[in-house]
Structure formats: C-alpha cells, structure tokens
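Here is how the chains run, residue by residue.
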Amino acid sequence: FIHPDDVDAWFVFLNGISRKKKDNKEFVYRVLHKHRHYVWYSCKVGLEENNNETFYNGVAREITKYVEAQNKLIQQKEFYEKILDRLPTDVAVFGNDFKYKYLNAAAIKNDELRKFIIGKDDFEYAKHTKRGDTFAINRRIKFEEAIETKQTVSWEDSIFAKSGQIVYHSRKITPVFDEDGTLEMLIGFGVDVTKSKEIQEEILRSRQLISSIIQNIAVGILVQGPQSEIIESNKAACEMLGLTQDQ
C-alpha cells in the first residue's frame, strides 16, 4: 500500500536502522487510502529484541494536512521568487544581522555566487569576491541610518566589475519592523545607472569643452534674455564692450 515512488526509500530506511542499530529514525512516506488516494504518514521505527529475535517496532501518524500546507508555502515562495527574478531591478532581503536572506537574479546574475551569498553579509561577500570592503562599510552605514531613522535611505554607489569597468547603482534600503518595533528585515532595491552616469558625464565634458571654446574664441559672443539681461558672454565680447564677465 506504500506509494511506488517511496518503496525503495522505505527499504533503504529499514536497512539503515538494521545496520546502524539506531532507534527513533523518522521516515515520511505515502500510503494508499481506502478511497484510492494517497495520504502522507510519518513514522518512527526502532529495533527490539525478544527471544533472540530482532524485529522492527514503530509508531506512525498521518501528516497529510501538514505536508499540504508545507507544499503550499513552497509553491507560494516559488511563485513570488519567479516574479522577483524577472524584475529588471536588484532586489535583496537582509536579516536583522545584515546577512542576505534573498537575492533576485538581477542582483547577482551568477547562480552559484547567488546561492553562496545567502546567509552571509557584505563583508563576507567582499572577501569571497576579493574586493575591497569599502562598499561594505558604506552600505553598513546606510543600513544603520535607515534603522535609526526608520525611513528609506537612498544613495548611489559604484563598484568595479570583473571587466574593470566601474558600475554605478542607485540604491534604496527600507527597514521593516514587527509590531513590537523590533527590526525584522531590511529590503534593498538597486538600479544600474551606469549608462545614465556615462551620458551625464559626457554631457558635462561637452559643456566644458564648448564653454572653453566660447571663452577663448576671438569673436565676441553675447547672449541676452527676454528682458535684455545678459545670459552668456565671452572674454572677447566683454573686451569690446569694456565690461568684465562679472558685470
């Protein structure tokens, strides 16, 4: 009456008890119900001797509702993780000890590294990846600020990628407290703003270049606003008008 998929495991379980002579080992398995559906049981089995004979003795209890509840929780967890793993933003959950409890695929794309980092903090992350711990120190400061103020804290950080490129992220950390006011977790969000940062820096460099050309060109340039106020002027224009650039 044991489920076909559990039969081999059942014999391995009994043989293990027989070889190691250990009692109270627990085994979870399925049994065919009289209404032709399977229910879950948990049993503890030990060895007993009587008249120089050894036999198994155990107690079993039905745990179908417990198993179904656990499976439902697992399904819900997988459902929400599937959603989070498809978000284009970094999502990380930290315990009240600052150790990672969850990371989505965007936060760390390497599956092996993402699994390794669970249960570790940023200092251990830095050590494992052979990076300096500056980013870990800065993050810890922001985490503690969020906890102290009980508010979401935003900042921008940078880190060197394996390619040697500097990667910039806009980050937010939000503390979550339970009903007693005890810190339960911290939820972090991050967006890669490297391209935006590069564009901003390129615009700034272009403005500086254009400003340098305008200021040093031999032709006078004077830009006035709607009220005839001077918005922009270069050295040549000021010399022509007998003005200083501060006037």
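Residues numbered from 1 in each chain as written. Predicted model: local features only at pLDDT ≥ 70, side-chain atom pairs only at ≥ 80, totals over all residues. Heavy atoms only, no water.

Overview of the overall build of the chain
Argument step 1. In terms of helices and strands, the chain carries seven helices and ten strands.
Argument step 2. Relative to its length of 247 residues, the chain is extended, with a C-alpha radius of gyration of 33 Å against a globular reference of 18 Å.
Argument step 3. The dimensions of the chain, computed from C-alpha atoms along their principal axes, are 120 × 40 × 40 Å.
Argument step 4. Buried positions account for 29% of the 247 residues belonging to the chain.
Argument step 5. With the model as given, the accessible surface of the chain reaches about 17,800 Å², and the carbon-plus-sulfur share is 52%.
Argument step 6. Of the side chains in the chain, 36 bear a positive and 38 a negative charge, and the two mean positions are spaced by 6 Å. (Helix = DSSP H or I, 4+ residues; strand = E, 2+ residues; numbered from the N terminus. Rg over C-alpha atoms; globule rule 2.2 N^0.38 Å. Buried < 20%, exposed > 50% of the residue type's maximum accessible area, 1.4 Å probe, protein only. Areas by Shrake-Rupley, 256 points an atom, 1.4 Å probe, with all protein chains shown as cover. Lys, Arg positive; Asp, Glu negative; His and termini not counted. Charge placed at Lys NZ, Arg CZ, Asp CG, Glu CD.)

Observations regarding a nonpolar patch on the surface
Argument step 1. A surface patch of nonpolar side chains, about 330 Å² in accessible area, is lined by Phe79, Tyr80 and Ile83.
Argument step 2. Mapped onto the fold, isoleucine 83 is located in helix α2 (residues 64-85).
Argument step 3. For isoleucine 83, a relative accessible area of 43% gives the class partly exposed. (Patch = residues over 30% accessible without salt bridge, like charges linked within 9 Å, V, L, I, M, F, W, Y side chains within 5 Å. Salt bridge = Lys/Arg side-chain N within 4 Å of Asp/Glu carboxyl O.)

Some thoughts on the pattern of salt bridges
Argument step 1. Overall, the coordinates contain eight salt bridges when judged by the stated rule.
Argument step 2. For aspartate 121, the salt bridge identified is with arginine 140, shortest N-O distance 3.8 Å. Of the two residues, aspartate 121 is situated in the loop between α3 (111-117) and α4 (122-128) and arginine 140 in helix α5 (residues 134-149); the sequence distance between them amounts to 19 residues.
Argument step 3. Residue class for aspartate 121 comes out buried when judged on its relative accessible area of 12%.
Argument step 4. The salt bridge involving arginine 139 is made with aspartate 157; its shortest N-O contact spans 3.6 Å. One end of the pair, arginine 139, is in helix α5; the other, aspartate 157, is in strand β6 (residues 153-160), and 18 residues separate them in sequence. Side by side, arginine 139 and aspartate 157 carry an identical accessibility label, which is buried.

With respect to the environment of serine 212
Argument step 1. Among the structural elements, serine 212 can be located in helix α6 (residues 194-216).
Argument step 2. Judged by relative accessible area, serine 212 falls into the partly exposed class, the value being 38%.
Argument step 3. Taking the C-alpha atoms as reference points, serine 212 and phenylalanine 98, 114 residues apart in sequence, are found 48 Å from one another.

Remarks on the side chain of aspartate 122
Argument step 1. Of note, aspartate 122 is situated in helix α4.
Argument step 2. Within the local environment of aspartate 122, its side chain forms a polar contact with the side chain of arginine 139, the two groups lying 3.2 Å apart.
Argument step 3. The residues touching aspartate 122, leaving out its near neighbours within four places in the chain, are Phe94, Tyr100, Phe135, Ala136, Arg139 and Phe143. (Polar contact = N/O pair within 3.5 Å; in protein donor to acceptor, adjacent residues only side chain to side chain. Contact = heavy atoms within 4.5 Å.)

Examining the sheet that holds β6
Note on sheets: strands pair through backbone hydrogen bonds, and any given pair is parallel or antiparallel.
Argument step 1. Read from one edge to the other, the open sheet built from five strands follows the order β5-β4-β8-β7-β6, with strand pairing classed as antiparallel. Every interior strand has two partners, whereas the edge strands, β5 (100-103) and β6, have only one. Neighbour-to-neighbour, the strand axes of this sheet turn through a mean angle of 25°, independent of strand direction.
Argument step 2. Looking at chain direction, strand β4 (residues 90-95) and strand β8 (residues 183-192) are connected through six bridges and run antiparallel. The partner of alanine 92 across the bridge, within β8, is glycine 188.
Argument step 3. Strands in contact with α5 are β4, β5, β6, β7 (166-177) and β8; relative to β6, the strand with the most contacts, it is inclined by about 170°. (Pairing = 2+ DSSP bridges. Axes fitted to C-alpha atoms, helices over the stretch in contact; angles between N-to-C directions.)

Considerations on a negative patch on the surface
Argument step 1. Where like charges cluster on the molecular surface, the negative patch consists of Asp178, Glu179, Asp180 and Glu184.
Argument step 2. Checked against the element boundaries, glutamate 179 lands in the loop between β7 and β8.
Argument step 3. Taking the relative accessible area as the measure of exposure, glutamate 179 reaches 85% and is therefore exposed.

Quick look at the sheet that holds strand β2 (residues 38-50)
Argument step 1. Across the sheet, which stays open at both edges, the three strands sit in the order β1-β2-β3 with antiparallel pairing between neighbours. The sheet is open, and its two edges are formed by β1 (25-32) and β3 (53-62), each paired on a single side. Put simply, the sheet's adjacent strands are angled 40° from each other on average, direction ignored.

Some thoughts on the packing of aromatic side chains
Argument step 1. The tally for this structure, following the rule as stated, stands at eleven aromatic pairs.
Argument step 2. Measuring from ring centre to ring centre gives 6.0 Å for tyrosine 125 and phenylalanine 135, while their planes differ by 85°; the resulting arrangement is edge-to-face. With tyrosine 125 in helix α4 and phenylalanine 135 in helix α5, the pair connects residues that are ten residues apart, well separated along the chain.
Argument step 3. Relative accessible area serves as the criterion here: at 9%, tyrosine 125 is assigned to the buried category.
Argument step 4. Residue placement shows lysine 120 over the ring face of phenylalanine 116; its charged tip is 4.2 Å from the ring centre.
Argument step 5. Lysine 150 extends its terminal NZ or CZ atom over the ring of phenylalanine 177, reaching a point 5.2 Å from the ring centre. (Phe/Tyr/Trp six-rings, centres within 6.5 Å; stacked < 30°, edge-to-face > 60°. Lys NZ or Arg CZ within 6 Å of the ring centre and 35° of its normal.)

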